[in-house]
Amino acid sequence: MSDNNITKPKGTDFIREAVAQDLASGRYDYVRTRLPPEPNGWMHIGHAKAFSIDYNIAKEFDGECNLRFDDTNPEKENMSYVEAIERDTRWLGIKFDRVLFASDYYEQLYELAIKLIKKGVAYVCDLCEQEIREYRGTAVPDKNNITFTPPGRNSPWRERSIEENLDLFARMRAGEFPDGARTLRAKIDMTHPNLVMRDPVMYRIKREHHYRTGDAWCIYPMYDFQHPLSDAIEGVTHSLCSLEYEIHRPLYEWFIREAEVFPSRQIEFARLNISHTVLSKRWLLRLVQDGHVKGWDDPRMPTIAGLRRRGYTAEAIQDFLGRIGIAKTDSLVDIQLLEFCLREDLNKRANRLMAVLKPLKLIIDNWPKGYVEEVEAINNPEDASAGSRKIPFSGELWIEQDDFAENPPPKYHRLYPGNTVRLRYGYIVKCTTFDKDPESGEITAVRCTYDPATKGGNAADNSKVKGTIHWVSAAHAKKIEARLLDKLFLAERPMDVPAGVDWTKTVNKASLEVLSEARAEPAIENVKPFEPLQFERLGYFCCDPDSKPGAMVFNRSVSLRDSWAKIEKKQS
């Protein structure tokens, strides 16, 4: 878990300017924001952006930031989601002041609905969901192919008396009517150009067990009604949300004005979009339910739990969010920027170990039989305080299959017959021959000789050796499972598919490669779950919580190749 508060981005932006202006003008004399997740899925990195904006702004203005669960959709919500969101929010370093629930306001919201009925701006409607949609109307293209929205039609029940509406609403709460039989709607304007304002539903009848209130209610408030009034009940000054809620702002303000409650202010910002990724709980749930991933915390998922399991640190995520900033228009962030931030962080904190993912035996023919020597290796060249460790070196080693070629391509500086390489921290060796299975043609072992005068990898005559490869001692290596993770989607924009094509068809079926015969140096046994490492020459890895003594599992967090740095250099 991060020990520090989430990083505060420098400079200003349109939200901070608006908050400062509200304080200067006297509109508010304090700042209070809220993190308003719905407990119907796990938190993803898009939520992390929204949460960090709410949290940082509140703290920069010496205000308060609360975590409020907008739990008004009981069929999709449960306590496990609440617990997961709380856990991941804290792990990110966001220290909210209070944990609140919209379900605690059900009675207050009900009374506010009665207030609107008494004012003549809310009514009970008998239209079913499909009929409400038909009466409201939809956007259509005109003869010039310009989209417009024809006026809607008033509900036949729109002019019910206040007394009848109060009676029916009370009977809705009492459970006299079947699910879907009636709704409570706001009476606004069925000709409004914004469809959201065309008499939106405030309450619906739904007999669904709620994870907190049980069966106490059979009517539940709609999000657009609950959200602004919950903000008002809590005295939220600035309700910060993503851009898709911009068209809902007139309704947000209408409910606050008509209910005559605290005047919270809604401000929208562009949501986070990352290439080769989907950021919607609905879509992520589909991936889980259809078996494309193994759960919400699958390390290929953009959930906070998935990113953590992959090896992302809270600091790397904070750095990424600080770099992308806050904007008013949607854009697509290259996933390579997120990977760059992780490399930058792990390069400083991750200790180095040697592991071989696809082992090939290397036999040193002139090594003293049975002799084992210890060589010294640096734990982290970026952190002198990390010290060093001893690694056993023997006459039989494991090397990567890719580090030997029978017929090498041009500029191949690793092992092949007659070539010399440096064994990291060990000796310089020269390849003499190799063993091959006569039936399969598979290389089963590579043979070489070593120069005893080159301990540490330096030639006595200062001659240059172009290639350096990693290794582990065959007799001392520990078997591990390595999971090589790739992008979950092949397409840059997974949802941009032709009509009739299921977006899940863009899932990368090769996004997970499991290597169950990998080997690592003995120090691997001291690694704890979620601890980051760099397997030299291979990438950054994280110890998976699936690990058990004698059966350790490591997820590749990110490769060592830094594509983003090359992109930045090219752009500059």
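Located above this text is the structure these notes cover.
Definitions and cut-offs
Residues numbered from 1 in each chain as written. Predicted model: local features only at pLDDT ≥ 70, side-chain atom pairs only at ≥ 80, totals over all residues. Heavy atoms only, no water. Helix = DSSP H or I, 4+ residues; strand = E, 2+ residues; numbered from the N terminus. Buried < 20%, exposed > 50% of the residue type's maximum accessible area, 1.4 Å probe, protein only. Polar contact = N/O pair within 3.5 Å; in protein donor to acceptor, adjacent residues only side chain to side chain. Contact = heavy atoms within 4.5 Å. Axes fitted to C-alpha atoms, helices over the stretch in contact; angles between N-to-C directions. Parallel < 35°, antiparallel > 145°, perpendicular 65-115°, else oblique. Nonpolar A, V, L, I, M, F, W, Y, C, P; charged D, E, K, R; others polar. Phe/Tyr/Trp six-rings, centres within 6.5 Å; stacked < 30°, edge-to-face > 60°. Core = buried A, V, L, I, M, F, W, Y, C linked by side-chain atoms within 4.5 Å. Pairing = 2+ DSSP bridges.

Student: How should I be thinking about the side chain of E234 in this particular structure?
Tutor: On the secondary structure map, E234 appears in helix α7 (residues 223-234). Take E234: its relative accessible area is 7%, and that puts it in the buried class. Polar contacts involving the side chain of E234 include one to the side chain of R68, which spans 3.0 Å. Dropping the residues within four chain positions of it, E234 is found in contact with R32, R34, R68, L100 and Y105.

Student: Looking at this model, I keep getting lost on the packing of helix α4 (residues 106-118) against helix α8 (residues 249-259). Mind explaining?
Tutor: Each pair of packed helices can be summarised by the angle the axes make with each other and by the distance between the axes. Where α4 meets α8, the axes come as close as 10 Å, and the angle between the chain directions of the two elements is 80 degrees. Taken as axis vectors, α4 and α8 run roughly perpendicular relative to one another. When α4 is examined against α8, the residues L112, K115 and L116 are found in contact with a partner set consisting of F255, E258 and A259. For the contact of α4 with α8, the residue count by class is four nonpolar, no polar and two charged.

Student: Can you help me understand α8 in this one?
Tutor: An α-helical turn contains 3.6 residues, so any two residues separated by three or four positions project in the same direction. Among the residues making up α8, those that are buried are L251, Y252, W254, F255, I256, E258 and A259. Contacts made by the buried residues of α8 are with α4, β7 (183-186), β8 (201-205), α7, β10 (238-242) and β11 (265-269). Just beyond α8, the residue with positive phi is E260, at close to 55 degrees.

Student: Explanation requested: the packing of aromatic side chains in the structure shown.
Tutor: Each aromatic ring pair is specified by the distance between its two centres and by the angle formed by the two planes. For the structure shown, the criterion picks out 26 aromatic pairs. When the centroid spacing of 4.8 Å and the interplanar angle of 20 degrees are considered together, the rings of Y110 and F169 count as stacked. Placement of the pair is Y110 in helix α4 and F169 in helix α6 (residues 162-174), with a sequence separation of 59 residues. No difference in accessibility class separates Y110 from F169, as the two residues are buried. A ring pair is formed by F393 and W471, whose centres lie 4.9 Å apart and whose planes are at 80 degrees; its orientation type is edge-to-face. Of this pair, F393 sits in strand β16 (residues 388-393) while W471 sits in the loop between β21 (467-469) and β22 (472-473), placing them 78 residues apart in sequence.

Student: Quick question: what am I supposed to make of the environment of Q130 here?
Tutor: Structurally, the position occupied by Q130 is in helix α5 (residues 129-136). When the C-alpha atoms of Q130 and A482 are compared, they prove to be 51 Å apart, with 352 residues separating the residues in sequence.

Student: So what exactly am I meant to see when it comes to the nonpolar core here?
Tutor: Formed by 40 residues in total, the largest nonpolar core has its most connected members in I45, L92, I274, I304, I317 and F320. Listing elements by their share of this core, those giving two or more residues are α2 (45-60), β2 (64-69), α3 (79-91), α10 (304-310), α11 (314-324) and α12 (335-349). With seven residues, α12 is the single largest residue contributor to this core. Among residues more than four places away in sequence, those in contact with I304 are M43, H44, I45, A48, D88, W91, L92 and I317. Counting residues in each nonpolar core, the second largest holds 35 residues, with M197, M202, C218 and F225 among its members.

Student: Would you mind showing me how to read the pairing of strand β18 (residues 420-423) here?
Tutor: A regular strand carries its side chains on alternate faces of the sheet. Residues V421 and L423 line the buried face of β18, whereas the alternating positions T420 and R422 sit on a face that is not buried. When β18 meets strand β19 (residues 428-436), the two strands line up antiparallel, connected through three bridges. Pairing of V421 across the sheet is with V429, part of β19. Counted along the chain from β18 to the antiparallel partner β19, the turn is four residues long, and its residue Y425 has a positive phi close to 70 degrees. Bridge count for β18 against β21 is three bridges, and the pairing is parallel. Residue pairing in the sheet places L423 in a bridge with I469 of β21.

Student: Would you take a moment to explain the sheet that holds strand β24 (residues 512-520) for this structure?
Tutor: Backbone hydrogen bonds hold the strands of a sheet together, and the pairing may be parallel or antiparallel. Strand order in the open sheet formed by seven strands is β12-β25-β26-β27-β23-β24-β13, and the pairing between neighbours is mixed. Both edges of this open sheet fall to β12 (351-353) and β13 (355-356), since each of them pairs with a single strand only. Here β12 pairs with strand β25 (residues 532-535) via three bridges, running parallel. Opposite R352, over in β25, you have Q534 as the bridge partner. In the packing of α12 onto the sheet, contacts are made with β12, β25, β26 (539-543) and β27 (552-558), and the angle to β27 comes to roughly 125 degrees.

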